[in-house]
Amino acid sequence: DELRGLERTRERFDTIVLDPPAFAKNKAAVPSALAGYKEINLRAMRLLEPGGYLVTCSCSYNVNEATFEAMLHEASVDSHIPVAIVEKRMQGRDHPVLVGVPETYYLKCFILRRVE
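Residues numbered from 1 in each chain as written. Predicted model: local features only at pLDDT ≥ 70, side-chain atom pairs only at ≥ 80, totals over all residues. Heavy atoms only, no water.

### Thoughts on the packing of aromatic side chains
Across all of its chains, the model carries three aromatic pairs by this definition. Measuring from centroid to centroid gives 5.5 Å for Tyr37 and Phe68, while their planes differ by 85°, and the two rings are edge-to-face. Here Phe68 lies in helix α3 (residues 65-79) and Tyr37 lies in helix α2 (residues 30-47), a separation of 31 residues in the sequence. Assigned by exposure class, Tyr37 and Phe68 land together as buried. Ring centres of Phe68 and Phe110 lie 5.8 Å apart, and the angle between their planes is 45°; on these two criteria the pair is classed as tilted. Residue Phe68 is found in helix α3, and its partner Phe110 is found in strand β4 (residues 108-114); the two are separated by 42 residues along the sequence. The pair Phe68 / Phe110 is uniform in exposure class, with both members buried. Every member of this aromatic cluster is reached through a ring pair, and the members are Phe23, Tyr37, Phe68 and Phe110. (Phe/Tyr/Trp six-rings, centres within 6.5 Å; stacked < 30°, edge-to-face > 60°. Helix = DSSP H or I, 4+ residues; strand = E, 2+ residues; numbered from the N terminus. Buried < 20%, exposed > 50% of the residue type's maximum accessible area, 1.4 Å probe, protein only.)

Right, here's the structure in full:
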């Protein structure tokens, strides 16, 4: 695992972008997807310089924004790395989110800053 290797060598970065493929292709996959998202985000948080930015995304429709944000909170607590939400984003205009059609809101993106 790339992140583990970087962590072992004590690498530090000003900016990290996590944009994995969909981890939860169906509802049954959500628990394992959340574990995977937590693992990569926790490790990425540890690799950030103080003041550094983590851009982290999920394109899994089955993981909604609130659940993704809660997982980020857990990763922050477990990594002992405090982060603040700088911005939230979603997919581009060429993939519109239709009112009343929640499955069209599939891309969640959080821009976080390591605060200390």
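### Observations concerning α2
Between its terminal C-alpha atoms α2 stretches 26 Å, which fits the 26 Å expected from 18 residues at 1.5 Å a residue. For α2, the set of buried residues is Val30, Ala33, Tyr37, Ile40, Asn41, Leu42, Arg43, Ala44, Met45 and Leu47. (Expected span 1.5 Å × (residues − 1).)

### Description of the sheet that holds strand β2 (residues 48-58)
As summarised here, the arrangement of the four strands in space is β1-β2-β4-β3, forming an open sheet in which the pairing is mixed. Where the open sheet ends on each side, the last strands, each with one partner, are β1 (13-18) and β3 (83-90). For this sheet the average axis-to-axis angle between neighbouring strands, irrespective of direction, equals 15°. With seven bridges connecting them, β3 and β4 associate as antiparallel partners. (Pairing = 2+ DSSP bridges. Axes fitted to C-alpha atoms, helices over the stretch in contact; angles between N-to-C directions.)

### Quick word on the packing of α2 against α3
Here α2 crosses α3 at 45°, and the two axes come no closer than 9 Å. Classified by the angle their axes make, α2 and α3 are oblique. Of the two possible hands of crossing, α2 and α3 adopt the one that is right-handed. For the pair formed by α2 and α3, the contact residues are Leu34, Tyr37, Lys38, Asn41, Leu42, Met45 and Arg46 on the first element and Thr67, Phe68, Met71, Leu72, Glu74, Ala75, Ser76, Asp78 and Ser79 on the second. Grouping the constituent residues of the contact of α2 with α3 by class yields eight nonpolar, four polar and four charged. (Parallel < 35°, antiparallel > 145°, perpendicular 65-115°, else oblique. Left-handed = near helix turned anticlockwise from the far one by under 90°. Contact = heavy atoms within 4.5 Å. Nonpolar A, V, L, I, M, F, W, Y, C, P; charged D, E, K, R; others polar.)

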